[in-house]
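# Residue-level structural notes
Below are the chains, spelled out letter by letter.
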Amino acid sequence: PDPIMQIASGFMAAKFLFAANEFGFFDALQNDPADRAALAARTGLPERSTRILADGCVSLGLLDKVDDTYTNSPAADRFLTGGGLAAGLRFWDKLSYPAWVGFADTLAHGRSTSVVELPPEMQQIMLDGIEAIGAGPTHALVGSIDFSDRHRRLDLGRGTGSWSTAVLHANPQLTATLIDVPLAIGATHKHVQASGVADRARVVGADLLSDSLPGGHDVVMANNVLHYFSPQTNKVLLSRVAAVTEAGALLVMADFWTDATHTRPASAALMAGEFAAHIVEGDVYSVDEVAGWLAETGWTFVRQQ
């Protein structure tokens, strides 16, 4: 039963990681190994608690231990210090984990509210966490898509705006209009103003499904948007966007796409649970499904990369 036991106890490993992040273990050990007493002093935990948490992290490959001295593993040193994935782990711990506690009930009865209705302080944890988790895909998008012949970009559901500002930095000829629900645009404004490209970015608060969308754009980005909505709602959204963009406009969408069976990759299949736990209509979709929606709404599917 080992594979089953590993799945069943997976929450324990996650909680060790979240707690080590919360108490600053990885920053405390960056370039400075410590024994149990020193690590306890740096993090403010009792020595017994420090040992339990540190030894658990060693067992998970997050820390290394020689005698009684702890150091970060290479992966922890690279991704869990100086910010890194810290905000993402905090999001999973403070928002995702509590939502998953009621996962079975959610599957049985559905959700009546979405994450956009969270209190402002929790929304900020969510937005910062999504930005941290999405840093890798953001970097990949900037390096893999040629925007050099595009000039006016419409960005839908922008959260903090990190996808948008990254593309603007890499493409000085581009301007962008960033749209998100009014509840979320405070964080978007803050990020854009600090980004160094605020002179080329306009932030608009609007409902993507009911408010008028600005026109005249030759590229549209809808990253991590479709998983908020049902198939029918997504087709409505894609039709609305097609109606206000120029002929030949490029539509870019990043998300947790699956294969036709909805079972691969496993990370995307499991994210369907994450979205169901947080979002009224949340789900993941296959590339084939989305290609079909595009054909129905005035777009032509080009490729997945």
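Now for a quick tour of the structure. Since we're looking at a predicted model, the values are computed, not measured.

## Considerations on the packing of aromatic side chains
Tallying each qualifying case throughout the model produces four aromatic pairs. A centroid spacing of 4.6 Å and a plane angle of 40 degrees characterise the contact between Trp100 and Phe103, whose relative ring orientation is tilted. Residue class for Trp100 comes out partly exposed when judged on its relative accessible area of 33%. You can call Phe103 partly exposed: its relative accessible area is 21%. Lying over the aromatic face of Tyr97, Lys15 brings its terminal NZ or CZ to 4.3 Å of the ring centre.

## Some details on the environment of Ala277
In this fold, Ala277 is placed in helix α14 (residues 266-278). When its relative accessible area of 0% is taken as the criterion, Ala277 is described as buried. Linking Ala277 and Trp100, residues 177 residues apart in sequence, is a C-alpha distance of 6.2 Å. Among residues more than four places away in sequence, those in contact with Ala277 are Ala99, Thr106 and Arg111.

## Things to note about the nonpolar core
Ranked by size, the top nonpolar core spans 23 residues in total, and within it Met253 and Val290 carry the most contacts. Every element with two or more residues in this core is listed here: β4 (152-156), α13 (231-244) and α15 (287-296). The element contributing the most residues to this core is α15, with four residues. With near-sequence residues (within four places) excluded, Val290 lies in contact with Leu226, Met253, Trp257 and Tyr285. If you look at the next biggest cluster of nonpolar residues, it comprises 19 residues, including Leu17, Ala28, Leu80 and Leu89.

## Comments concerning the sheet that holds β4
The sheet built from five strands is open, its strands ordered β6-β5-β4-β7-β8 with parallel pairing. Every other strand in the sheet has two partners, leaving β6 (201-205) and β8 (245-252) as the edge strands with one partner each. Adjacent strand axes in the sheet meet at a mean angle of 20 degrees when their direction is disregarded. By the bridge criterion, three bridges tie β4 to strand β7 (residues 217-221) in an arrangement that is parallel.

## Points about the sheet that holds strand β3 (residues 69-72)
Sheets are built from strands that pair by backbone hydrogen bonding, the pairs being arranged parallel or antiparallel. The antiparallel open sheet is built from three strands, whose spatial order is β1-β3-β2. In this open sheet, the two strands that pair with only one neighbour each are β1 (34-35) and β2 (63-66). Relative to β3, β2 runs antiparallel, the two sharing four bridges. Residue pairing in the sheet places Lys65 in a bridge with Tyr70 of β3. Running over the sheet, helix α5 (residues 47-59) touches β2 and β3 and is turned about 105 degrees from β2.

## Regarding the pairing of β6
In the sheet, strand β5 (residues 175-180) pairs with β6 via five bridges, with the strands oriented parallel. Opposite Asp180, over in β6, you have Gly205 as the bridge partner. Where the polypeptide runs from β5 across helix α12 (residues 185-194) and back to β6, its parallel neighbour, the crossover connection is right-handed.

Definitions and cut-offs
Residues numbered from 1 in each chain as written. Predicted model: local features only at pLDDT ≥ 70, side-chain atom pairs only at ≥ 80, totals over all residues. Heavy atoms only, no water. Phe/Tyr/Trp six-rings, centres within 6.5 Å; stacked < 30°, edge-to-face > 60°. Buried < 20%, exposed > 50% of the residue type's maximum accessible area, 1.4 Å probe, protein only. Lys NZ or Arg CZ within 6 Å of the ring centre and 35° of its normal. Helix = DSSP H or I, 4+ residues; strand = E, 2+ residues; numbered from the N terminus. Contact = heavy atoms within 4.5 Å. Core = buried A, V, L, I, M, F, W, Y, C linked by side-chain atoms within 4.5 Å. Pairing = 2+ DSSP bridges. Axes fitted to C-alpha atoms, helices over the stretch in contact; angles between N-to-C directions. Right-handed = clockwise from strand over helix to strand, strands pointing away.

By themselves these figures say nothing about function.
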